[in-house]
Amino acid sequence: MLVVLFIMLFSMCRYSTGFGVTGGSALIHEFYSREVSNPIHLTVDTTFGNGEATIKAFISVNLSLGDQQLAAQFQEIPVDIKMAEAEKIGYDLLKSTNADKIPSDLEGMEASMEKLLTLIDDVYKYVDDVVEKRVAPDNDIGRLIADTLSSLPKMSPTAFDKLVNDGLQDQLLLVYLSSITRTQLSLAEKLNTAAQLI
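Criteria and thresholds
- Residues numbered from 1 in each chain as written.
- Predicted model: local features only at pLDDT ≥ 70, side-chain atom pairs only at ≥ 80, totals over all residues.
- Heavy atoms only, no water.
- Helix = DSSP H or I, 4+ residues; strand = E, 2+ residues; numbered from the N terminus.
- Expected span 1.5 Å × (residues − 1).
- Buried < 20%, exposed > 50% of the residue type's maximum accessible area, 1.4 Å probe, protein only.
- pLDDT = per-residue confidence, 0-100.
- Contact = heavy atoms within 4.5 Å.
- 1 Å grid on protein atoms, 1.4 Å probe; cavity = no way out; pocket = protein on both sides within 12 Å on 5 of 7 lines; lining within 4 Å.
- Points joined across faces, edges and corners; volume = space filled by probe spheres on them.
- Nonpolar A, V, L, I, M, F, W, Y, C, P; charged D, E, K, R; others polar.
- Salt bridge = Lys/Arg side-chain N within 4 Å of Asp/Glu carboxyl O.

Novice: How should helix H4 (residues 139-151) be read in this particular structure?
Specialist: A turn of α-helix holds 3.6 residues, and therefore any two residues three or four places apart point the same way. Here H4 is 13 residues long and its end C-alpha atoms lie 18 Å apart, about the 18 Å a rise of 1.5 Å per residue gives. Sparse coverage of H4 is indicated by the burial of 1 of its 13 residues.

This is how it looks when you write it as structure tokens:
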């Protein structure tokens, strides 16, 4: 399936589904061009057929003969994709074809913690190798490590444990409440269906 997004300036965004740029896309694009000058037509391949989401952007160029406009043509423009870390995690999950299900919040937190521990271990090994003079020091990496460590909040281990445990308790409460809500909605739906049959 191809999700087609029409991104407008000034926070206007609409989408439709389809396979690429079609006649219907041209009509929708024409509608939005009356609302905003030069809207961008963005297509995202959500099937991840080649292991990546093919993302393309198009602008409409008028084809005219003399002073008379004959048609509009879509021309592809370059796309530069920038994602925050949280978005990248979701994107990587969507493109992995072996994922049976989307992980729960706790499973996601566990995977994030495992990745964080791996990164911390890599930094630890690098610093240890530099101290033992097995690796030549790199000033840029040293500054990056120092900046990262200085951005961490100063707190005692007990305060950190309390913060993590409070967050974990909040996550567990949300899981419990969402389960109760699903059960209540399912029960209400069954009662409503039974009442309609009577």
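On we go from here.
Novice: Sorry, what's going on with the confidence of the model for the protein here?
Specialist: In low-pLDDT segments, the atomic positions of the prediction should not be examined closely. Per-residue pLDDT for the protein has a mean of 76; in total, 78% of the residues score no lower than 70. By mean pLDDT, the top-scoring element of the protein is H4 (89), and the lowest-scoring one is strand S1 (residues 2-7) (44). Throughout residues 1-18 the model reports pLDDT below 50, and contacts reaching past four residues in sequence, or to other chains, amount to 60 contacts.

Novice: Would you mind going over the layout of surface pockets with me for this structure?
Specialist: Summary: where empty space remains is shown by rolling a probe the size of a single water molecule over the atoms. What the largest pocket holds in volume is close to 530 Å³. As for the largest pocket, its lining consists of 15 residues, of which Leu-116, Ile-120, Thr-148, Leu-149 and Leu-152 are closest to the centre. Looking at the lining of the largest pocket, the elements that each hand over two or more residues are helix H3 (105-131), H4 and helix H5 (157-197). When residues in the lining of the largest pocket are grouped by element, the largest group, 6 residues, is from H3. Of the residues assigned to the lining of the largest pocket, the class counts are 14 nonpolar, 1 polar and no charged. Looking at the second largest pocket, its volume works out to about 360 Å³. For the second largest pocket, the lining is made up of 13 residues, of which Ile-89, Gly-108, Ala-111, Ser-112 and Lys-115 are closest to its centre. Taken together, the elements giving at least two residues each to the lining of the second largest pocket come down to helix H2 (85-95) and H3. In terms of residues, the lining of the second largest pocket owes the most to one element, H2, which gives 6 residues. A class-by-class count of the residues in the lining of the second largest pocket yields 4 nonpolar, 4 polar and 5 charged.

Novice: How should I be thinking about the pattern of salt bridges in this particular structure?
Specialist: Opposite charge on two side chains lets them pair, provided their charged atoms get close. For the structure shown, the criterion picks out 6 salt bridges. Among the salt bridges present, the one from Asp-80 reaches Lys-82, with a minimum N-O distance of 3.9 Å. As far as burial versus exposure is concerned, Asp-80 and Lys-82 are alike and both exposed. Because the salt bridges share partners, they merge into one network encompassing Asp-128, Asp-129 and Arg-134.

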